[in-house]
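One letter stands for each residue in the lines below.
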Amino acid sequence: MSDLKTLEATLMAEIEAAGDEAAIEAVRVSALGKKGSISERLKTLGSMSPEERQQAGPAINGLKTRVTDAISTRKAALRDVAIEARLAAEKLDVTLPVRQSPAERGRIHPISQVIDEITAIFADMGFSVAEGPDIETDHYNFTALNFPEGHPAREMHDTFFFPPDETGERKLLRTHTSPVQIRTMEVQEPPIRIVIPGKTYRQDSDATHTPMFHQVEGLVIDKTANVANMRWVLEEFCKAYFEVPSVKMRFRPSFFPFTEPSLEVDIQCDRSKPGEVRFGEGNDWMEILGCGMVHPNVLRFAGLDPDVYQGFAWGMGIDRIAMLKYGMPDLRAFFDADVRWLQHYGFRPLDMPTLFAGLSA
């Protein structure tokens, strides 16, 4: 019996020393497994005499019971310790602010916001939005807009040309959104009232120019459109966009191949404070867009009779008017994908611009 006491002491010490559930399982297997030390002793009972079995049986089975209970107790204790360690490692500080949802955390890029603002303003005046391809032909980008072959006005645009195709034609990245005017006039009967926001491309890059930028153009074609109509449209747009009760505008003669007469438009502003431009007040003037009456040649290229129809068009840089309204000093930051800049200048996704609630509310 002394060997059973020695075995029990050894097993109890191993149980107590087990540091995790894997270690206690190893002790169980070594004692109670198929070839465990207690199991081997139980196997010897069959070869004993009845008198020996009567004495050894209760002693071995009692040892088995005590070891089993000790293993179960230690395993439960180790499980509790493991749970406490996991809870300590994975605990959450419920006093921290709740993480914002993507809809609250995300921001609309200022260019997208300004395009929505422009669309809302002109939609209220009965205009629809027109779109066209970024890759254009020479015909739509230049010829149909009254840029003859060899005309110096073509050199005003530093154009990105593609290599010639199998027919020798060189397509290009459009230098303005004006080709959409031609495409619209070819397929739509007047009266036409459209605005054309979109990307344009020119080889230019500095604080106020980028190789890819955004323009919006407008076109009105009917039988009675005139400069007075154009002036009213542009004044109403500027008042709504800059959210001021009134604006003063002045028109200066200029030159664009696709309009005649062609005009540059300046808007009254106050630039007395550094880094700030306020519209609708002050004694300064700032050029904001170009416009004019559609050239008769452009109407002819689009398949319209200039003796019957006339119209006006205008165009401005979306990036530029976004900078003027929201005080952004460098155009290049629009394309840096800096999350900090977007958090500062961006707009909440669900705050859609409307004329009755405010464009930039």
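Everything below is about the structure printed above this text.
The structure contained in this document is the topic of the report that follows.

How each quantity is defined
- Residues numbered from 1 in each chain as written.
- Predicted model: local features only at pLDDT ≥ 70, side-chain atom pairs only at ≥ 80, totals over all residues.
- Heavy atoms only, no water.
- Core = buried A, V, L, I, M, F, W, Y, C linked by side-chain atoms within 4.5 Å.
- Buried < 20%, exposed > 50% of the residue type's maximum accessible area, 1.4 Å probe, protein only.
- Helix = DSSP H or I, 4+ residues; strand = E, 2+ residues; numbered from the N terminus.
- Contact = heavy atoms within 4.5 Å.
- Salt bridge = Lys/Arg side-chain N within 4 Å of Asp/Glu carboxyl O.
- Axes fitted to C-alpha atoms, helices over the stretch in contact; angles between N-to-C directions.
- Parallel < 35°, antiparallel > 145°, perpendicular 65-115°, else oblique.
- Nonpolar A, V, L, I, M, F, W, Y, C, P; charged D, E, K, R; others polar.
- Pairing = 2+ DSSP bridges.
- Polar contact = N/O pair within 3.5 Å; in protein donor to acceptor, adjacent residues only side chain to side chain.
- Left-handed = near helix turned anticlockwise from the far one by under 90°.

With 49 residues, the main nonpolar core has Phe122, Phe237, Phe242 and Trp314 as its most contacted residues. Within the residue set of this core, elements represented by two or more residues are helix H6 (110-124), strand E5 (212-222), helix H9 (227-242), strand E7 (259-270), strand E9 (284-294), strand E10 (310-317), helix H11 (318-326) and helix H12 (339-345). Setting aside residues no more than four positions away along its own chain, Phe237 makes contact with Ile118, Ile121, Phe122, Met125, Met316 and Ile321. Residues Tyr140, Leu145, Ile194 and Ile196 belong to the second largest nonpolar core, which totals 24 residues.

By the element assignment, Leu11 lies in helix H1 (residues 2-17). A relative accessible area of 3% places Leu11 in the buried class. Ignoring any residue separated from it by four or fewer positions in sequence, one finds Leu11 in contact with Val27, Ala31, Ser37, Ile38 and Val67.

For the rest of this paragraph, the subject is the pattern of salt bridges. Enumeration over the complete set of coordinates arrives at 17 salt bridges. For the salt bridge of Arg252 with Asp266, the shortest nitrogen-to-oxygen distance reads 2.6 Å. With a gap of 14 residues between them, Arg252 in strand E6 (residues 249-256) and Asp266 in strand E7 connect regions that are remote in the sequence. Classification of Arg252 as partly exposed rests on a relative accessible area of 30%. Residues joined in a network through salt bridges with shared partners are Arg250, Arg252, Asp266 and Glu287.

Attention now goes to the packing of H6 against H11. For any two helices packed against each other, one specifies the crossing angle of their axes together with the interaxial distance. Across the interface, H6 lies against H11 with an axial gap of 10 Å and an inter-helix angle of 95°. Here H6 is positioned roughly perpendicular relative to H11, judged by the angle of their axes. Side by side, H6 and H11 meet where Ile111, Val114, Ile115, Glu117 and Ile118 of the first sit next to Ile318, Asp319, Ile321, Ala322, Lys325 and Tyr326 of the second. In terms of residue class, the contact of H6 with H11 is built from eight nonpolar, no polar and three charged.

The subject of this paragraph is the pairing of E5. In terms of burial, E5 is a largely internal element, ten of the eleven residues being buried. The sheet contact formed by E5 and E10 spans eight bridges and is antiparallel. By the bridge assignment for E10, Val220 is matched with Phe312.

So, on to the side chain of Asp266. By relative accessible area, Asp266 is classed as buried at 3%. Reaching out from Asp266, the side chain makes a polar contact with the side chain of Arg250 at a distance of 2.9 Å.

Take unusual backbone geometry next. In the segment running from Pro190 into Pro191, the intervening peptide bond is cis, with an omega of 5°. Relative to the elements of secondary structure, Pro191 occurs in the loop between helix H8 (179-187) and strand E4 (192-201). Cis rather than trans, the peptide bond between Glu260 and Pro261 has omega equal to 0°.

Okay, the packing of H6 against H9 next. Two elements in contact, H6 and H9, have axes separated by 10 Å at closest approach and are oriented at 130°. Here H6 lies oblique to H9, going by the angle between them. Relative to H9, H6 is oriented so that their crossing is right-handed. Touching Val114, Glu117, Ile118, Ile121 and Phe122 of H6 are Val233, Phe237, Ala240 and Tyr241, all from H9. Residues belonging to the contact of H6 with H9 are distributed by class as follows: eight nonpolar, no polar and one charged.

Before going further, it helps to examine the pairing of E6. Two elements, E6 and E7, share seven bridges in a ladder whose sense is antiparallel. Bridging across to E7, Met249 finds its partner in Ile267. Counting the residues in the hairpin turn of E6 and E7 gives two residues.

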